[in-house]
Amino acid sequence: MFVMDSASAANPAQRSWIVVAAKAIVVLQSLGIVYMLTSAWVTAVVAVGFIAVFVAIRALTRASRQVDRIFEEELGRQ
């Protein structure tokens, strides 16, 4: 039986360091563009926004894995 959970469907099992580096470069370049077009205060607010989104995604991914594990345990008993 093939079971696809939401956490493994969205995230690969192993992340390459190249992917992490590429994402870091994109975020830093985005902050650089915001800084060049606006001010340091706006850039700081945007950086806090990026951090908030990152933390929210990690929390939702963790919750998704926990829900998948609970479903697997409960449905496996029947």
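Only a predicted model underlies this, so the values are computations on that prediction, with no experimental measurement involved.

## Some remarks on the overall build of the protein
Then step 1. Per the secondary structure count, the protein includes three helices and zero strands.
Then step 2. In the protein, the succession of α and β elements from N to C terminus is α-α-α.
Then step 3. By residue count, 8% of the 78 residues in the protein fall in the buried class.
Then step 4. Approximately 6,900 Å² of the protein is accessible, and the part contributed by carbon and sulfur atoms is 70%.

## Some points on the side chain of Thr 43
Then step 1. Within the element layout of this structure, Thr 43 appears in helix α3 (residues 40-77).
Then step 2. For Thr 43, the side chain forms a polar contact with the main-chain nitrogen of Tyr 35, separated by 3.3 Å.
Then step 3. Contact partners of Thr 43, with chain neighbours within four places excluded, come to Leu 31, Val 34, Tyr 35 and Thr 38.

## Overview of the environment of Phe 50
Then step 1. Mapped onto the secondary structure, Phe 50 falls in helix α3.
Then step 2. Residues Phe 50 and Leu 31 lie 19 residues apart in sequence; the distance between their C-alpha atoms is 9.4 Å.

## Some thoughts on a nonpolar patch on the surface
Then step 1. Together, Ile 33, Tyr 35, Met 36 and Leu 37 make up a nonpolar patch on the protein surface, roughly 510 Å² of accessible area in all.
Then step 2. When you line up the elements, Tyr 35 lands in helix α2 (residues 17-37).
Then step 3. Classification of Tyr 35 by relative accessible area gives partly exposed; the value is 45%.

Conventions we followed
- The residue numbers shown here count from 1 along each chain, following its written sequence.
- At least 70 in pLDDT is required for a residue's local features to be given in this predicted model, at least 80 for side-chain atom pairs to be given and counted, and no such filter applies to totals for whole chains, interfaces and linings, which use all residues.
- Derived side-chain values reflect all non-hydrogen atoms in the structure, with water molecules and hydrogen atoms excluded from consideration.
- Working definition: helices are DSSP H or I runs of at least four residues, strands are E runs of at least two. Numbering for both runs from the N terminus.
- Categorising residues by exposure relies on relative accessible area from a 1.4 Å probe, with only protein chains included: less than 20% of the type maximum marks a residue as buried, more than 50% marks it as exposed, and the intermediate range marks it as partly exposed.
- Surface accessibility follows the Shrake-Rupley procedure with a 1.4 Å probe radius. Residue values consider only the protein chains on display as shielding.
- Here a polar contact means two N or O atoms within 3.5 Å. Within protein one must be a hydrogen donor candidate and the other an acceptor candidate, and residues neighboring in sequence count only if both atoms are side-chain atoms.
- Contact criterion: two residues are considered in contact whenever any of their non-hydrogen atoms come within 4.5 Å of each other.
- Distance thresholds for patches are 9 Å for like charges and 5 Å for nonpolar side chains (Val, Leu, Ile, Met, Phe, Trp, Tyr), applied to residues having over 30% relative accessible area and no salt bridge.
- Every case where a carboxyl oxygen of Asp or Glu lies within 4 Å of a side-chain nitrogen of Lys or Arg is listed as a salt bridge.

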